[in-house]
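An overview of the molecular structure
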Amino acid sequence: MSDAREPDSELEVPETRETVDYDELADLLGDRVIRREDHLNAGGFVIHPGDVQTVLRTLRDEAGFDHLSCLTAQEYEDRYESIYHLSKYADRTQEVNVIVPTDKEDPWNESAAPIYKTAEWHEREASGQATGRRAERTRQSAHGDPAEDGVTGGRGLEHGLGVPV
Amino acid sequence: MSLAPLQADPVLLPETIARALFGGGDLAIWQEALAAFLGAFVVGNIMLAMTGVAGPWAKRKITAAFTDRIAVNRVGPAGLLIIVADAVRLLGKELIIPEGADRPAYDLAPLVVASSALLGFAVIPMGQIFGVNLMLADPEIGLAFVFAAASIATLGLAMAGYASNNKYSLMGGLRAIAQNIAYEIPLILTAASVVLFTDTLQMSGIVAAQQEPLFTVAGITIPSWFAFVNPFAFVLFVVANLAEVGRNPFDVPEAPTEIIAGYQTEYSSVYFVLFYLGEFLHIFLGGAIIATVFLGGPAGPFLPESLNFVWFVIKIWAVFLFTQWARSAVPRVRIDQLIEIGWKGMLVMSLANLVLTAVIVGVML
Amino acid sequence: MFLNIGPHHPATHGVLHLKTVLDGEQVADVEPDIGYLHRCEEQMCQNNNYRHQIMPYPDRWDYTANLPNEWAYARVAEDLNDIEVPEYAQILRTMSVEFARIMGHMLAVGTFALDVYGDFTATFMYAIRDRELVQNILEDLTGQRMMFNYFRLGGVVWDLPEPREEFFEKVRDFIDDLPEALEEYHDLITTNEIFQKRTIGTGVIDAETAKQYGCTGPVARASGIDYDLRRDDPYGYYDELDWDVVTEDGCDNFARLLVRMREVEESAKLISQCVDLLEDWPEDERDIQSNVPRTLKPDADTEVYRAVEGAKGELGIYVRSDGTDKPARFKIRSPCFNNLHSLEAMAQGEYVPDLIAALGSLDVILGEVDR
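The notes below deal with the structure included here. (Residues numbered from 1 in each chain as written. Chains lettered and ligands numbered in written order. Predicted model: local features only at pLDDT ≥ 70, side-chain atom pairs only at ≥ 80, totals over all residues. Heavy atoms only, no water.)

A few points about the overall build of chain A
When its secondary structure is counted, chain A shows five helices and five strands. Along chain A, helices and strands appear, N-terminal first, in the series α-β-β-α-β-β-β-α-α-α. Sequence-distant contacts in chain A: of pairs separated by 6 or more residues, those separated by 24 or more amount to 54%. (Helix = DSSP H or I, 4+ residues; strand = E, 2+ residues; numbered from the N terminus. Contact = heavy atoms within 4.5 Å.)

Laid out in structure tokens, this is it:
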């Protein structure tokens, strides 16, 4: 092992990462945090769909989470949910999840593309997966349609990313 | 060991045929025409047999050897029957003509490409086989004629690129034109430096000029082939020729991984065969020019003069082998780099070579 | 001029469609249109149970270097179900995955050479030959040449083939011959001046942009980002072994190729250490699997996102359980997906040949992009 990170004597043990102080992050985000969640890999904050850019910008610029590792979209019975899995290039063991629930009738959330360029593609894919209906997709501009939120810089949903819907 | 001097004024092939058919004496114009036609038929078929039949098989085998493979070995001995299979496959395919193709141009392009190369062989002194001189004509402007005939191919490529109604074809055609203009000039300037030595454009004269011994090392006489007299010009010519025939590192007009197949993207079946043949013929014509201008034509040791066609074949195959080697091992340059090398490198060097040769020839001879 | 590069094009490495706008021969804009190889992999995983049925699918994501994908699923499922993996099995996993990484990188080097050289090149055949050697070894180990399906939750499916000595010898022969083979590649490719002219300074993406696009793996490391999950988020046996993370500062096509070639050396280093360990392992402690219940039903609404370092970069999987034996949501984070996104930044203003070269240097596997 080339550098000496904490020795992991027990291999593959599931654990919530202790390296991140989630209380501190919660203070940082203040009242934008609706609720806190605990995922197996990291702690998470539930936020309002309109706060995505502010929260992610704070986490990136002030807490150093410069890596949007993944964006998961999923459907619950009562809501859609997007999870932004953030991490750091400098220390991959530090993770935080940002959970954005959104209304089923009018699914929308702010795009993360101005903060993380990679969100452009992830959100386009997610928008298809979350609704599961093509008719919805044009409207579901939440994720990356410049026509509606004007932030993602010219890539409309009409291109589609081949997500089967 | 010395080389057998070539016949001072060899009998050309049409004349040989005419003598055999009609006896000596004065010939009517139709008799001359028939003899010339038969001669052209013979030479054309020899070249087609070499390029169209042996070429593709040899290419498979040669490339395989370069890339650590075996290549065809199941169909017939050493895979030789693949030639038949290839022919049936290529000719049996449907001829698909794209919608919106510019018809006369689209149809003519493959013919122009293939025939221009064949035309070039008319003035190449290919040596003798059993005493029969395989040379169709020996005009005074032989060398200029070869280059003129070979460059007609560019017209064919441009036609194909434009007429196919395909953007990749268009790009390929444009690239072909740019490349041919950029490399034709160094090619001809380099050949001109040889003409300064020979004082003639006549192909037989150029060959004859290379028969004098240059020097003798350990009992072996090195003939005054221009490859030995002026190796710099030889290298320049070989490189420019690679670009002329569109082989790595200069295969940008086709560039399969970039623009699919360039000008021939939309060609299938017989038209594709003509293109394919045309390309092979051009490589062999390039080999023939190199052999004639720089490698002493059909001259070579061991064999009697009446069989020196064998040496000629060996020389053009050596050039073919070289192009295949380049293709297997050398990366392709980018189009802008290609043009840069052509105009800023090759042109300057070939001009310098020409001027230097002129000075040396003027002072020494 | 608008130009469709693909979906049927010799250089799109599968079925990728690049909507390209050209200005002369230069690229004014490029937009990848993906999805031609979409096979509902996530949905299929959601329809199958954790214990046995999902494991064959990861092999179909990045099908040039399959085993790291299996580990991605194994890691997330083992974390989710609290499964221990015996140390011996961890070594087997590490070794096999590094072989797969060599496989993937060899193909990447070979196809990159195709893109830059044109067809009929020696480099491609050499790379395939070396890849075949690895496939032979993995065939001995797993019984398969491509879809290995070697991992199981809690370990691997088989121990080394008997007689073990023969296997070790085969592996060592390969490792011993590798430096010479790599030297051949350097002679053929990296020291070639035309090749350098073509690749150095083209397809440039700086570290900051690469981070913005979420680039990982060799693409990120060639831009000087020192980021490798095998070290930064240790799993398996990597933190017990002596190896280095390879980075290059070139940020260009050439650097990405160099990173891959140097990573092959690192993988070989890891493999030879694993072989030493396996050879000396006491016979009665060769546990290849831990005890895993027949049915796995993680608690409802447990959510986990875990990633491993695949051959192409960070391969992550998010799983949400709903109390049944099948995942309620199974999401794959594919490194190729992110890396392909960065193509637009690399290709802007470059010539078409460099667009093709940049695409080749990204080493995208469409099976993984589209999933």
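A look at the overall build of chain C
Along the backbone of chain C there are 14 helices and eight strands. By the compact-globule yardstick of 21 Å for 371 residues, chain C fits well, its C-alpha radius of gyration being 20 Å. Based on the C-alpha atoms only, the size of chain C along its principal axes is roughly 65 × 45 × 35 Å. In chain C, which comprises 371 residues, the proportion classed as buried is 67%. Restricting to contacts in chain C with at least 6 residues of sequence separation, those with at least 24 account for 72%. Taken as a whole, chain C presents about 11400 Å² of accessible surface, with 46% of it coming from carbon and sulfur. If the 35 positive side-chain charges of chain C are averaged to one point and the 71 negative ones to another, these points end up 5 Å apart. (Rg over C-alpha atoms; globule rule 2.2 N^0.38 Å. Buried < 20%, exposed > 50% of the residue type's maximum accessible area, 1.4 Å probe, protein only. Areas by Shrake-Rupley, 256 points an atom, 1.4 Å probe, with all protein chains shown as cover. Lys, Arg positive; Asp, Glu negative; His and termini not counted. Charge placed at Lys NZ, Arg CZ, Asp CG, Glu CD.)

Observations concerning the sheet that holds strand β2 (residues 17–23) of chain C
Sheet architecture is open: three strands sit in the order β1-β2-β3 (chain C), paired in antiparallel fashion. Whereas interior strands pair on both sides, the edge strands pair on one side only; in this sheet they are β1 (2–5) and β3 (26–33) of chain C. Ignoring which end each strand starts from, the neighbouring axes of this sheet average 25 degrees apart. Pairing analysis gives seven bridges linking β2(C) to β3(C), with the strands arranged antiparallel. Bridge pairing in β3(C) places C:His17 opposite C:Asp33. Running over the sheet, helix α6 (residues 167–198) of chain B touches β1 and β2 of chain C and is turned about 105 degrees from β1(C). Together, β1, β2 and β3 of chain C form the strand contacts of helix α13 (residues 352–362) of chain C, whose direction differs from that of β2(C) by roughly 150 degrees. (Pairing = 2+ DSSP bridges. Axes fitted to C-alpha atoms, helices over the stretch in contact; angles between N-to-C directions.)

Considerations on the interface of chain C and chain B
At the junction of the two partners, chain C supplies 35 residues and chain B supplies 29 residues. For the pair chain C and chain B, the summed buried area comes to about 2800 Å², and 60% of that belongs to carbon and sulfur atoms. Here chain C and chain B share three salt bridges between them. Its salt-bridge partner being C:Asp354, residue B:Arg334 comes within 2.5 Å of it at the nearest N-O pair. Taken together, chain C and chain B are joined by nine residue pairs in polar contact (both at pLDDT 80 or more). When contributions to the side of chain C that touches chain B are tallied by element, the ones reaching two or more residues are β1, α3 (87–117), α4 (122–142), α6 (193–199) and α13 of chain C. Its residues assigned to classes, the side of chain C that touches chain B comprises 20 nonpolar, eight polar and seven charged. (Buried area = accessible area lost by both parts, 1.4 Å probe. Salt bridge = Lys/Arg side-chain N within 4 Å of Asp/Glu carboxyl O. Polar contact = N/O pair within 3.5 Å; in protein donor to acceptor, adjacent residues only side chain to side chain. Nonpolar A, V, L, I, M, F, W, Y, C, P; charged D, E, K, R; others polar.)

Details of the interface of chain C and chain A
Interface extent is often summarised as the accessible area lost during association of the parts. Counting from both sides, the interface comprises 63 residues of chain C and, opposite them, 52 residues of chain A. Of the roughly 4800 Å² buried between chain C and chain A, counting both surfaces, carbon and sulfur atoms make up 47%. Summed over the shared surface of chain C and chain A, the number is four salt bridges. With a shortest N-O distance of 3.9 Å, C:Arg306 and A:Glu95 are connected by a salt bridge. Between the two partners, chain C and chain A, sit 23 residue pairs in polar contact (both at pLDDT 80 or more).

Details of the environment of B:Gly161
Locating B:Gly161 in the fold gives a position in helix α5 (residues 142–163). In this structure, B:Gly161 is in contact with B:Asn166, B:Ser169, B:Leu170, B:Gly173 and B:Tyr263, ignoring residues within four places of it in sequence.

Some details on helix α11 (residues 269–294) of chain B
Residue and element names in this part refer to chain B. Taking 1.5 Å of rise per residue, 26 residues should cover 38 Å, and α11 covers 37 Å from first to last C-alpha, within 8% of that figure. The buried count for α11 comes to 23 of 26 residues, which makes it a mostly enclosed element. Two residues or fewer past α11, Gly296 is found with a positive phi of approximately 70 degrees. (Expected span 1.5 Å × (residues − 1).)

What about the pairing of strand β7 (residues 314–321) of chain C?
All names here are of chain C. Of all eight residues that make up β7, eight are buried, and the element is covered over most of its length. Burial of the side chains of β7 extends over both faces: Glu314, Gly316, Tyr318 and Arg320 are buried on one face and Leu315, Ile317, Val319 and Ser321 on the other. Looking at chain direction, strand β6 (residues 303–309) and β7 are connected through seven bridges and run antiparallel. By the bridge assignment for β7, Val304 is matched with Val319. The turn linking β6 back onto β7 is made up of four residues, and Gly313 within it adopts a positive phi angle of 145 degrees. When β7 meets strand β8 (residues 327–333), the two strands line up antiparallel, connected through six bridges. The partner of Arg320 across the bridge, within β8, is Arg329. Counting the residues in the hairpin turn of β7 and β8 gives five residues, including Gly323, whose phi is positive at 90 degrees.

Some details on unusual backbone geometry
The bulk of non-glycine residues show a negative phi, and the bulk of peptide bonds are trans. Of note, the amide linkage connecting C:Glu162 to C:Pro163 takes the cis form, showing an omega dihedral of -5 degrees. Among the structural elements, C:Pro163 can be located in the loop between β5 (155–156) and α5 (164–190). The phi torsion at B:Ala71 lies on the positive side, around 70 degrees, for a residue other than glycine. If you trace the backbone, B:Ala71 turns up in the loop between α2 (29–66) and α3 (82–92). For B:Ala71, a relative accessible area of 23% gives the class partly exposed. Not every positive phi belongs to a glycine, and C:Asp82 is a case in point at roughly 60 degrees. The topology assignment puts C:Asp82 in the loop between α2 (67–81) and α3.

What to know about a nonpolar patch on the surface
Residues B:Val355, B:Leu356, B:Val359, B:Ile360, B:Val363 and B:Met364 make up a contiguous nonpolar surface patch of about 620 Å² in total accessible area. Take B:Val363: it is sitting in helix α13 (residues 335–364). (Patch = residues over 30% accessible without salt bridge, like charges linked within 9 Å, V, L, I, M, F, W, Y side chains within 5 Å.)

What about the nonpolar core?
In terms of nonpolar packing, the biggest core is built from 129 residues, with C:Tyr73 and C:Met95 touching the most fellow members. Among the elements that line this core, the one with the most residues is α3(C), at 15 residues. In this structure C:Met95 touches C:Leu141, C:Leu160, C:Phe167, C:Ile271, C:Cys274, C:Val275 and C:Leu278, once residues within four positions along its chain are discounted. Grouped together as the second largest cluster of nonpolar side chains are 68 residues, B:Leu187, B:Met203, B:Phe312 and B:Val313 included. (Core = buried A, V, L, I, M, F, W, Y, C linked by side-chain atoms within 4.5 Å.)

What about the pairing of β2(C)?
Residue and element names in this part refer to chain C. In this structure, β1 lies alongside β2, joined through four bridges in antiparallel fashion. The residue bridging Leu3 from the neighbouring strand is Thr20, located in β2. Hairpin remark: β2 followed by β3, antiparallel, with two residues in the connecting loop; positive phi at Gly24, about 70 degrees.

Topic: the side chain of A:Thr93
Here A:Thr93 lies in the loop between β4 (79–87) and β5 (95–103). Among the polar contacts made by the side chain of A:Thr93, one reaches the side chain of A:Asp91 at a distance of 2.5 Å.

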